Every structure is written in C-alpha cells, then in structure tokens.
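# What the coordinates show
Chain by chain, the residues:
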Amino acid sequence: MGAMPDLSRRSFVFGSVAVAGGVAFGQYAQAQPAAASAAAMNPLTADLGPNAVAFNPWVEISPDKITLIAQHADKGQGVGSIQPLMIAEELDLEPGQFEIRFAGPSPAYFNTGFAHELAPFMAPDQSPEAEKARAAALEWLRKAGLQMTGGSSTIPDTYEKLRMAGAVARETLKAAATKRSGIPVADLRTEAGHVILPNGTKIPYVALSADAAKITPVSVAKLRDPSQWRILGKPMERLDIRSKVTGEMKFGIDRRMDGIVYAAVRLNPNKGQPIKSYEASKAQAMPGVQKILKLSNGIAVIATNSWYAMQAAERVDCVWEPSKYPAEQADHWKTVASSFTPQFLAKEWRNDGNIDAGLKEGTLLEAEYRAPYVGHQPLEPLNGIGIVTDKGMEIWVGHQTPQSVQQIAAAAIGMKPEQVTFHNEWMGGSFGHRLEFENVRVLAEIANQMRGTPVKLIFSREEDFLQDIPRQIAMGRYRGSVKDGKIIAADVQVAANAPFKELLARMGSPSKDPDGQLGVGIWNVYYDIPNYRATSFEVQGLSPCTTWRAVGASANGFFTESFIDELIHAAGLDPLKARIEMCRIPIYRKLLETVGEMADWKGPLGKGKGRGVAFVEAFGTAVAEIVEVTMTDAGIKIDKVWVAADVGKVVDPVNFENLVQGGVVWGLGHAMNCELTYAKGAVQQTNYNHHEAMRMHQCPAIEVRGLENDYTVRGIGEPPVPPAAPALANAIFAATGKRIREMPFNKFIDFV
Amino acid sequence: MFELTVNGIKHQVNVVPEMPLLWVLRDELGITSPKYGCGIAQCGACTVQINGAAVRSCQARMADVAGKAITTIEAVGNGKLHPVQEAWIEHQVPQCGYCQTGQIIQAISLLKAIPKPTDEDINQVMSGNLCRCGTYERIRVAIHAAAAKMGGN
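Residues numbered from 1 in each chain as written. Chains lettered and ligands numbered in written order. Predicted model: local features only at pLDDT ≥ 70, side-chain atom pairs only at ≥ 80, totals over all residues.

Another aspect to go through is the overall build of chain B. Regarding its fold elements, chain B presents six helices and five strands. Counting from the amino terminus, helix and strand elements in chain B follow one another as β-β-α-β-β-α-β-α-α-α-α. A globule of 153 residues ought to have a C-alpha radius of gyration of about 15 Å, and chain B, at 15 Å, matches this closely. Taken along its principal axes, the extent of the C-alpha atoms in chain B is 45 × 30 × 25 Å. Counting every position in chain B, which comprises 153 residues, the buried fraction comes to 57%. Within chain B, contacts between residues at least 6 apart in sequence are counted, and of these 62% link residues at least 24 apart. (Helix = DSSP H or I, 4+ residues; strand = E, 2+ residues; numbered from the N terminus. Rg over C-alpha atoms; globule rule 2.2 N^0.38 Å. Buried ≥ 20, exposed ≤ 12 C-beta atoms within 10 Å, placed from the backbone. Contact = placed C-beta atoms within 7 Å.)

Okay, here's the thing in structure tokens:
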C-alpha cells in the first residue's frame, strides 16, 4: 500500500522533532557503553573452544556440536523455538541437529525491533519522513545497545537478521569446504547439517568448524524467497513442546546445584519503602531454618528447603516504613481524577480539525472510563539462584533485560556490572513481570551475605502478589458529538501513571519525555473523525507501575473502542459497518471486513444475545475482534470470539494461533475478573483466588485468522489483548443495553 | 524419617510430618516436574497422582502420603507417552508450559472417570487448573482428541 499523505502530515506536524533524542528510552544511550557494530563485536568469540567458530553472535559451531543463540528470552511466547528455526531455515539444519542457548548480555544483541515504536509515526505510514525517522531510531538503538525482550518485537527484530546469520554461516561453511576439496562453491550445496559435494560426499558442518574459523565470514546479498522455505511459514512443532509435556523442561525455579541453600523473603508491602525493625526469635527456632538476614526492605530466611524458608518468613514480625503513595485505593482514584490539569499534561498527541467547534455541533456525548491496577502473576513465581564471591556474582534468573540484571545486582552489592555473570532461564510466563527487578536485587543482597554459597530464592505466591508492580491505573474522559448519522468530533483524554517511563527510571535511565505508551490507543486511531484531539496526562505520586502485556493500549484501547461504540450507537449506525466505513487505512478496513466475514456479522441478534466489535493497533499490529455473548439466568456467557490480525507475515502459524488465543483470554479474563487494590499501603489481593483472570469454564471458543497484508513483519504477543475488553463490553451492551465503563466488569454484571 | 514411593522408586526422607508432598518432591528428591504455583490448591500446577488419583501435592502432608504410590508426569505413560501427552503434542497446547504437567495429570484423571467427556464435563473438571498463558481452548481440543485415541484402544 502507498503512503497516506493525510496521516503522515498530521503526525509529522507534532512528531517531527523527537526522534533520536529518545522518545521512549530517555537517557539510555548515555548510560550504556557505546556499542561497536554487531559484526565487530561478537560476544561468542571470548569463550570459544579450540577449533570452534562463531560466524556472528547467533551461530557457534565446534567439532562436536552446533549451538544457536536465542537473544530474546523465552517466557512462553515461543521465541526460544522460532529464533533458532529462523537461523536453521537458511543454515539448512533440521530440528534436533543443534542446541539452543540463551544469549548473555551484550550490546551486539541490541533490539532493532523497537525502531518503529520509537519513531513518532503511525504504523502504516510509509512516507519518506516516517522511514527516515525509523532509520534514525535504529541508529540510536544501535548506539544504545539495549538488549531487551518486550514490546512484541522479537519477530520484527530478528526476522531478517537471524535468517541472515544462518545464510552467512552456510556460505562460510561452503567456502571452507571449497578450500578443503578444491571444488568451486557454486557446485556445493547444503542439506541437514552437511555440505554436499557433487559426488555425493557429505561433510558435516561440525567437521568444517576449524577451517571455517580461519575464513572471514562470507557476505550474503540475498535471503531465500519465502516460497523456498522448508520450515518457516508452515505448521511446525515448537522445539520446546515435548519437553513441556513430558516434564523434562527445566524452568529457572527447577535449577539445582550442589551445596545450595533455599531462601524466602518478606518484603515491605509498601512498595519501595525500607524495613524499620523485626523480631525473628520464633522463626529462628523453626525446623530447617539456618539463618535470618536483614535486607534493605525486608528480611530473608535461609533454610534447607523452600517450604521451611517460606513458613519461617511468615512468622517473622516486621515493622515497615509506611507508604509514600496513598495508603487507600479511593485516594489513588482521587489522585487520578484530579490529574486532568495543565500541571500534569504530558502531551497533546493529535489535534485535528477544530475540536471545540466540532463538539458544539450535533449531539454531545460524555463518558468516563476506568482501568484498575492489575497484576502480572505468571504461574512460575519470581525466583533466581545467585552466588557471590569476592570476585563477583553469578546469577541464574529468567529475565527480559540481561544488561539491567547486571546493573541492578551490581548496584545492590557495591560491585560493577561487568562483575555480574548472567545466565538466562526458560520462564514460566512473564507478561511484563520479568522486566522488573525485585527478585534480582533481593537475591544479590542475600547471596552477598552468604558469600561462597549458592542461594536459591523463591518468592511465595503471596509475596509475589505483594511485590508485583502493577499495570498503570488509568481514567479516560471522553467527549464526542454525532450529527446526521456521523461522528463529527471526539476529544480523548487519558490520565494514568506512566508505566514505561517508570520502568526506565528503575533501569537507571530516567526519561523526561512523555510516556509513549500512554499515547497508544488514543493517538493511533484510524477512523475518519474530522475533529479529533487526543491528550495524555501523567499522574504523579501513586503506586509504582510498569508494563503489563499490551501496556498503554490495554487500558486506552478499552476506553477508545468503547467510546467509539457509544458514538456509533448514538449515530444510529451498525458497529461493524460504521467502523469499516470510517476506517481510512485500506488494509485495516480489510481486517475489519475479514473479522465480519468470519463471524458472519449481520447486525443485532436479539433473544438475549449480543455481539461487540473492537479494533486496536498496538506495537504496529492491527487486530480486530468480535465477541458474542448470551445473557443467561446465571449471568453473561461468552459464546465465541473471532479474531483477525495482520502481521505482514505469519512465520510460525500454530504458535501464532496459540498466542492470539492466549492474548484474548488474557484480555477478557482480566477485564472481567481482576483488579489490585491498596489498603494500608499494601495490595489486598495475595493469591489467585482474589485475582483469577479466566478459568476454563469461562473460556469461549476462539477462532483466529492471520492476514499478511501489512508492508512489514509485525509481532503478535501483545496486540490481541487490547481489543478483547472493549469487544466484550460492546457485546454486553448489545445483549443487555448496559454500558460498562470500568474494569473489572464483574463489579457491574455477573458472568457464568 | 518417612518412606515414599515415587514412580516405583522408594525414597527415605527426613522432614517434618506437615511438609507438603510438593516440597518433598522438589527440594528433597529433586523431582521438579510438579510445579509450585500458589500453595493453596488454586492453580493445579503441582498435581500428581497418589494411588492413581489426581491430587494437589501442595495440600498433601508428608505424614498422610507416606507409604502411598506417588506418580509424577514422568511415569504416567509407563515408559512411553500417555495418549493425553500425545494429544498435547499434536495440538501444541503449551505456551510457557509451567501449568501443563498438572493439566495433563488432571486430564488423565478426567478421562478415567469420563471416557467421552463433553465440553461441559471438561469445563467442570479442568477449571481448577489455572493457565495464565490462556491455552484453555487447546486443552479442550486435546482432551477430546485423547478421548478419541483412548476409546480406539
């Protein structure tokens, strides 16, 4: 599709300046040592054995094995599988012929996938200005060297570079075979881990590693066309499926080590505040307990078994410093409500037409929406293993930002980041939780007091809830007007605490720029509404908050797509048809049409049934969802969900479907059933019975279709989340006439 | 000192009588396939078989399970993959996979009681097993597939 002069002009007007200075990443570049180019800086070369070769930071071949490096961490989203398979596609390897290792910290693994998110242009904008800004953002990312898994960026980041890494390795192995055999490269081919000579002789890659190490890696001009793919784009078995079904998979929490001791903690539930004093004589006398340690914000129990440690930690009487944020939830909401003022203005993201004049015409609608704090609570609780010696710290922890783990751990114990050796682990979920550092910091403090002994820390579920830095709390104030069957104005205001900015500050890179995540879902709205203004306000002084699957859009998408629905109903229009007609991006219109076809949308259903539609673009990926509900005597039953998502290219189709289904379950479940609330400075919900999200009996059938019309490849981990809540709320309205403007919905209506 | 039989192998463990089986398996015996998720029987990630029945091992006290036969995911198929495991692989159910060993053991128990379960049966029995990644629909499909496999035997 071509560029859209209309959109690019608008976004350019208020977005042109803020590119390489770091719209979202603030001062991160200054905080990092400048990274040399990835090719010149290959972290694998340092630890290579004899006769081994590392063609680039992702492929290592020694005389006995082939190892492919996964730079993005696997939290369950399947990237521990698809990253090596993208290499294997070009390197002509088959599953089973290589080992997978997660990358250590290195700027060579900087994430190129954030370039789109950093450049202040809308996702479908292909104008020269937009592309220039993205190139500048990419250059900035290269300098920053930030290695982070997040923002649905794994595939956008690695789609080209990992296939290229495989192709370079393949061609260099062929060159080595040429050197050995004297046969021209053009006459060689590769298959299943071997270079094959014209006479059929097969040379295993591993047998070529020593020769290949002496050759400068061959450059490759062109990757294979997708029509030639053996593995990618076709239904494939994720490489981690079997081990997860047989129980062989070892998550971080499962790692064992000789001489290990087990630690549990009690930390100040008034987040960020220290401990005043404690009394531990009861706990000290309990079975299995070895030691009780004081930490900066709590205590740790060292024991011979995690359960002994957790039991004893509960019995320590702790006196906490009170919270700096409001102790009671009602005051959090009051603070949010009072933040729609110039003092807290973060950014006016868009101002099209004349909003004041537009709102004076036609029928005025006003609505206020709320999104509460929610927890991440992956099923594997926070944990880690650490050993501190006089030389440094070695840490095993599943984490999305390896360099920050080094920084946080080092800072906690007065060491330098380079003294911390980090090993990543397979993770039992994250949803944003493992971008934070509470377990890392605390583990460093504990291991530092137990020098020479490996310490395994596991947060109890209750502690994990209490220390979980939640999703931002958000409120939307929306005004709009309709006239003659048309939406003519929408004034969109959101106030929330700033999740990504807060995360950056904890990473040691505070940003003064507006949090781009609070613009997502209000700025990148593609309906043809002549007078449209979108503004974010950043609330100060509340609970710390952080990125939660889909981040800003998880709240903003609910607000905006609910309000658009309200306006559409006020204008007397059909919710799906009106969206299609108003949508100004052809491929997004196609997406809405597709989801309509999938659901066979024909307008109101009657008989207590209702359907709702919602459409949100987040992280560049446009997703449209239709939810169908039935009002029963036992409450609302969700019958079915249809999802269409456009990612440009579906690289791993089965996993794609699974991730979309999971995103819908995540979005629906939390919108229906979850909130975290504060009382006396602490979160009141401390286990899953208080924060259930979705269970099997509430889960509808979810039909998924992936489209490939977008001009570039996009991610899918988060984008299915934002449309789920508004599509459900809109369906409930269609079925019952009741408009729910606040999550969780179960405060206002019963579900089966 | 308690005697415990796990997957046919006898172990001696020296723990307090009230220690949950989960933590005996994980930290004393190094059998880590039963997972710690909630500690209060809210998630099902720790599910194992005790004398053939699916039980939340975080709620089973050592003193109460001593001498009984404990089976973890490693042994549910008697040396090969159980049909439920096969179905789980065919339908690629797991994402993070942390809950899945518990889900599979619960599903085996369901199919033992109800060989041809309806969606309603599945919803009822499986709702105690939490999956934060949201693989529920694939679990439902895989259970139906496993039921078909087992019915064919």
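Next comes the rest of the write-up.
The next subject is the overall build of chain A. Summing up its helical and strand segments, chain A has 21 helices and 27 strands in all. Across the 752 residues in chain A, those meeting the buried criterion constitute 61%. Long-range pairs, those at least 24 residues apart, make up 79% of the contacts in chain A between residues at least 6 apart in sequence.

Below, the discussion takes up the environment of valine 647 of chain A. Along the chain, valine 647 of chain A turns up in the loop between β24 (635–646) and α20 (653–673). Taking the C-alpha atoms as reference points, valine 647 of chain A and proline 719 of chain A, 72 residues apart in sequence, are found 9.9 Å from one another.

A word on the pairing of strand β22 (residues 609–618) of chain A. Residue and element names in this part refer to chain A. Summarising burial for β22: nine of the ten residues are buried, a large majority. For β22 and strand β23 (residues 621–632), the ladder comprises ten bridges, and the chain directions are antiparallel. In the strand pairing of β23, glutamate 617 is matched with alanine 622. If you look at the hairpin formed by β22 and β23, you'll find two residues sitting between the two strands, and phenylalanine 619 has a positive phi there, around 55 degrees. (Pairing = 2+ DSSP bridges.)

Attention shifts here to the sheet that holds strand β1 (residues 2–6) of chain B. Residues and elements named next belong to chain B. Pairing is mixed across the open sheet formed by five strands, whose spatial order is β2-β1-β5-β3-β4. Each edge of the sheet is formed by a strand with only one pairing partner; in this case those strands are β2 (9–13) and β4 (53–56). The average undirected angle you get between the axes of adjacent strands in this sheet is 40 degrees. Of the pairings in the sheet, the one linking β1 to strand β5 (residues 69–71) comprises two bridges and is parallel in character. When the sheet's bridge partners are listed, threonine 5 is paired in β5 with alanine 69. In the packing of helix α4 (residues 100–113) onto the sheet, contacts are made with β3 (47–50) and β4, and the angle to β3 comes to roughly 40 degrees. (Axes fitted to C-alpha atoms, helices over the stretch in contact; angles between N-to-C directions.)

Let's shift gears to the interface of chain B and chain A. Between chain B and chain A, the residue contacts involve 46 residues of the former and 50 residues of the latter. Residue assignment for the side of chain B that touches chain A shows that the elements contributing at least two residues are α1 (21–28), α3 (83–90), α4, α5 (119–126) and α6 (136–151) of chain B. Among the elements that make up the side of chain B that touches chain A, the one with the highest residue count is α5 of chain B (four residues).

Right, let's talk about helix α21 (residues 724–736) of chain A for a bit. All names here are of chain A. In a regular helix each residue adds 1.5 Å, so 13 residues correspond to 18 Å; α21 covers 18 Å between its end C-alpha atoms and thus fits that length. Counting buried residues along α21, twelve of its 13 residues qualify, which places the element largely inside the surrounding structure. Residues of α21 that are buried: Ala724, Ala725, Pro726, Ala727, Leu728, Ala729, Asn730, Ala731, Ile732, Phe733, Ala734 and Ala735. Contact partners of the buried residues in α21: α17 (552–570), α18 (575–582), β22, β23, β24 and α20. One or two positions beyond α21, positive phi appears at glycine 737, with a value near 80 degrees. (Expected span 1.5 Å × (residues − 1).)

What follows covers the pairing of β23 of chain A. Residue and element names in this part refer to chain A. Burial analysis of β23 places nine of its twelve residues in the buried class, the great majority of the element. Sheet topology places β23 next to β24; eleven bridges connect them, and they run antiparallel. Across the sheet, alanine 624 pairs through a bridge with alanine 644, a residue of β24.

Residue and element names in this part refer to chain A. Counting 289 residues, the largest nonpolar core has Ala263, Val301, Ala309, Val643 and Leu728 as its most contacted members. Ranked by the residues each element gives to this core, the list is headed by helix α6 (residues 154–181), at twelve residues. Other than its neighbours up to four places away in sequence, leucine 728 contacts Gly612, Val627, Ile638, Leu668 and Ala671. (Core = buried A, V, L, I, M, F, W, Y, C linked by C-beta atoms within 7 Å.)

Right, let's get into α1 of chain B. Burial of α1 of chain B is extensive: eight of the eight residues sit out of reach of the surface. Those residues of α1 of chain B hidden inside the fold are in contact with β8 (261–267) and α10 (306–314) of chain A together with β1, β2, α2 (62–65) and β5 of chain B. Backbone geometry just after α1 of chain B places glycine 30 of chain B at a positive phi near 75 degrees.

Turning next to the environment of isoleucine 568 of chain A. All names here are of chain A. Examined against the element boundaries, isoleucine 568 turns out to sit in helix α17. In this structure, the C-alpha to C-alpha distance between isoleucine 568 and glycine 485, residues 83 residues apart in sequence, is 8.3 Å. Apart from residues lying up to four places away in sequence, isoleucine 568 is in contact with Leu573, Pro575 and Ala578.

Right, let's get into the confidence of the model for chain B. Looking at chain B, the pLDDT average stands at 97 and 99% of residues meet or exceed 70. We note a pTM of 0.95 for the whole complex and an ipTM of 0.98 for its interfaces. (pLDDT = per-residue confidence, 0-100.)

Another aspect to go through is the packing of helix α3 (residues 79–91) of chain A against α6 of chain A. The angle between the axes and the distance between the axes are what describe a pair of packed helices. Residues and elements named next belong to chain A. Running from N to C, α3 and α6 cross one another at 35 degrees; their axes reach a closest spacing of 6 Å. For the element pair α3 and α6, the recorded crossing hand is right-handed. Between α3 and α6, the residues in contact are Val79, Gln83, Met86, Ile87, Ala88, Glu89, Glu90 and Leu91 and Thr154, Thr158, Tyr159, Leu162, Arg163, Ala165, Gly166, Ala167, Ala169 and Arg170, respectively. Partitioned by chemical class, the residues of the contact of α3 with α6 number ten nonpolar, four polar and four charged. (Left-handed = near helix turned anticlockwise from the far one by under 90°. Nonpolar A, V, L, I, M, F, W, Y, C, P; charged D, E, K, R; others polar.)

All names here are of chain A. Taking strand neighbours across the sheet as the criterion, the five strands line up as β13-β21-β20-β19-β14 in an open arrangement whose pairing is mixed. At either end of the open sheet lies a strand with only one pairing partner, and these are β13 (345–352) and β14 (363–371). Shown here is a sheet whose adjacent strand axes are inclined to one another by a mean of 10 degrees, direction ignored.

What follows is about the packing of α4 of chain B against α5 of chain B. Residue and element names in this part refer to chain B. For the pair α4 and α5, the least separation of the axes is 10 Å and the interaxial angle reads 130 degrees. As judged from the angle between their axes, α4 and α5 are oblique. For α4 against α5, the interelement crossing comes out right-handed. Note on element contacts: α5 touches α4 through Ile122, Val125 and Met126, opposite Gln106, Ala107 and Leu110. Of the residues that constitute the contact of α4 with α5, the class distribution is five nonpolar, one polar and no charged. (Parallel < 35°, antiparallel > 145°, perpendicular 65-115°, else oblique.)

On average, residues of chain A carry a pLDDT of 94, and 95% of them reach 70 or more. Across residues 1–39 of chain A, confidence stays below pLDDT 50; counting only partners more than four residues off in sequence or on other chains, it has 89 contacts.

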